[in-house]
Amino acid sequence: MISDPKSAHFIAWTEHGTSFVVSNVGEFSRSILGSHFKHNNFSSFVRQLNMYGFHKINRTPRAQRTSTDSQTWEFSHLKFLRGRPDLLDEIKRKALEPDPAVKHRVELPGEVAAQLGAMRDENRRVWEQVNIERRRADKLVNVVAQLWDVVGKGFPGSSEYYSRDEVQASFGFCHQLSIVILYLIIAL
């Protein structure tokens, strides 16, 4: 297509022969693409070039970009050079991307992986200790609530008598406060 004299006014090599230029994209799509591909869609043509490792160099300054038809596009590939048909066999379609979950995995150096494992183990131990302390605090809240019940029954005429629910509610707040304090201690 690039060597065809019929398409020379739409597609041509650059001066150095390291890239090619497509001008008048609309007319190029209507006149040239359909005779070489199953479509005449310029966007599909660009996608195909990208899949084979070509890179787009936009030669139309941003201020002059009005319509796709009047734009000039330049494409390059390290193995697509004027006068070097021997390199064409080396232009291959890019391999499909692997599973995205696998793509973002990073192999950590041994020392970093060991430190990360140690940090995870320490984090697990800290959370186990937090849960143990929570259970202990719950037991203490129950003991104090029972003591309030005993004190309340021992002084039935007292105007300062609090019900078990009121005591548990106040100790529930104290329990939450103690957990926050414990988190702060662990964070330090």
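These figures come from a predicted structure and were not determined experimentally.

Draft legend 1. Representation of the pairing of strand 2 (residues 19–23). Within strand 2, 4 of the 5 residues are buried, leaving the element largely enclosed by the surrounding structure. Both strand 1 (residues 11–13) and strand 2 contribute to a ladder of 3 bridges, which runs antiparallel. Among the inter-strand pairings, isoleucine 11 is bridged to a residue of strand 2, identified as valine 22. What sits between the antiparallel neighbours strand 1 and strand 2 is a turn of 5 residues, in which glycine 17 has the positive phi angle 75°. As defined by bridge partners, strand 2 adjoins strand 4 (residues 72–76) across 5 bridges and the pair is classed as antiparallel. Residue pairing for strand 4: serine 23 is matched across the bridge by threonine 72.

Draft legend 2. Examining the UniProt feature "domain: HSF-type DNA-binding" (unreviewed entry) in the protein chain more closely. In the UniProt entry, the feature "domain: HSF-type DNA-binding" (unreviewed entry) is given for residues 33–57. Helix makes up 56% of residues 33–57 and strand 12%, and the two end C-alpha atoms of the span are 20 Å apart.

Draft legend 3. The arrangement of the pattern of salt bridges in detail. Within the structure shown, the criterion is met by 6 salt bridges. One salt bridge in this structure joins lysine 79 and glutamate 90, with 2.9 Å as the shortest N-O distance. In this pair, lysine 79 is assigned in the loop between strand 4 and helix 3 (100–103) and glutamate 90 in the loop between strand 4 and helix 3, connecting sequence segments 11 residues apart. The salt bridge partner of aspartate 121 is arginine 124, with a shortest N-O separation of 3.0 Å. With a gap of 3 residues between them, aspartate 121 and arginine 124 both fall in helix 4 (residues 110–154), about one helical turn apart. Judged by its relative accessible area of 48%, arginine 124 falls in the partly exposed class.

Draft legend 4. The arrangement of the side chain of serine 29 in detail. Relative to the assigned elements, serine 29 resides in helix 1 (residues 25–36). Discounting chain neighbours no more than four positions away, the residues touching serine 29 are Gly34, Asn40 and Phe42.

Draft legend 5. Just the nonpolar core, in detail. Ranked by internal contacts, the top residues of the largest apolar core, which has 18 residues, are Phe20, Val22, Phe28, Phe42, Phe45, Phe54 and Phe75. Broken down by secondary-structure element, the contributors of at least two residues to this core are strand 2, helix 1, helix 2 (42–51) and strand 4. Excluding its chain neighbours within four sequence positions, the residues that come into contact with phenylalanine 54 are Phe20, Leu49, Phe75, Ser76, His77, Phe80 and Ile91.

So, how was this worked out
- Residues numbered from 1 in each chain as written.
- Predicted model: local features only at pLDDT ≥ 70, side-chain atom pairs only at ≥ 80, totals over all residues.
- Heavy atoms only, no water.
- Buried < 20%, exposed > 50% of the residue type's maximum accessible area, 1.4 Å probe, protein only.
- Helix = DSSP H or I, 4+ residues; strand = E, 2+ residues; numbered from the N terminus.
- Pairing = 2+ DSSP bridges.
- UniProt positions renumbered as here; feature names shortened; annotations may be inferred.
- Salt bridge = Lys/Arg side-chain N within 4 Å of Asp/Glu carboxyl O.
- Contact = heavy atoms within 4.5 Å.
- Core = buried A, V, L, I, M, F, W, Y, C linked by side-chain atoms within 4.5 Å.

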